[in-house]
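Here are the chains, one letter per residue:
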Amino acid sequence: GQILLVAGMGSIGLILQQLAIREGANVVAADPLASRRELAEELGAIRTVDPQAEDIHEVCRGLTDGRGADRAIVAAVGPGPVRDTIRATRPGASILLFAQTHRGDEVAVDVGDICLDEKRVIGSYSASVDEAEEAADVVFEGHIELDRLISHRIPLSEAPRAFDLAGRPTNEALKVVIVSDDDA
């Protein structure tokens, strides 16, 4: 299978990793938070990378006889993950930007990495009706593990605490769900 780099192991990155593995990809998962890398490994990543301690490009080259990742998904915000992911892919690779949802966010990249190596950078924001139906089938038929992504279930009466937890990525918080006070 091809090597797919997924940068950002929040809930979306972990879902995308599972979907890619389901389609036969070998996933390299990159995230600065240890708990997220551990969960990515438990969910099937062949290698995890702390981008603050290791060079993602060198890790991907080491797994591909020097080529770099065949494809990549950026499911993390900020300029670092985009720049590092583009650099970590092989010539001709496709890179999907999945978390860049704010206008005005700018990223400095080496355009030679894109143009000279003929890489394709693709943006994605939402899905078509057909894709939504397929996604529902995957979820409701249990093809991916979603329960393991929920780190906290917080009662509605404590909603401010839930928003505070969800707003600051930590090793303890992944996906925070607000439930009715009766279900807490």
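Here the structure is shown first, and the text comes after it.
Here is a short report on the structure shown in this document. A quick note: this is a predicted structure, and the numbers were derived from the prediction, not measured.

1. Things to note about the pattern of salt bridges
- Across all of its chains, the model carries eleven salt bridges by this definition.
- Between R47 and E54 there is a salt bridge, and its shortest N-O distance comes to 2.8 Å.
- Judged by its relative accessible area of 27%, R47 is partly exposed.
- The exposure class of E54 is partly exposed, given its relative accessible area of 32%.
- A salt bridge links R87 to D55, with the nearest nitrogen and oxygen atoms 3.2 Å apart. In this pair, R87 is assigned in helix α4 (residues 79–88) and D55 in the loop between β3 (47–49) and α3 (56–63), connecting sequence segments 32 residues apart.
- Looking at D55, the relative accessible area reads 33%, which means it is partly exposed.
- Overlapping salt bridges, with partners in common, bring together E42, E145 and R148 in one network.

2. Comments concerning α3
- The set of residues buried in α3 consists of I56, H57, V59 and C60. Buried positions in α3, seen along its axis, are confined to an arc of 165 degrees and lie on one side of it.
- Residues of α3 that are buried sit in contact with β1 (3–7), β2 (26–30), β3, β4 (69–74) and α4.
- The N-cap residue of α3 is D55: its side-chain oxygen and the backbone nitrogen of H57 are 2.8 Å apart.

Cut-offs and rules
- Residues numbered from 1 in each chain as written.
- Predicted model: local features only at pLDDT ≥ 70, side-chain atom pairs only at ≥ 80, totals over all residues.
- Heavy atoms only, no water.
- Salt bridge = Lys/Arg side-chain N within 4 Å of Asp/Glu carboxyl O.
- Buried < 20%, exposed > 50% of the residue type's maximum accessible area, 1.4 Å probe, protein only.
- Helix = DSSP H or I, 4+ residues; strand = E, 2+ residues; numbered from the N terminus.
- Arc of directions from axis to C-beta.
- Contact = heavy atoms within 4.5 Å.
- Polar contact = N/O pair within 3.5 Å; in protein donor to acceptor, adjacent residues only side chain to side chain.

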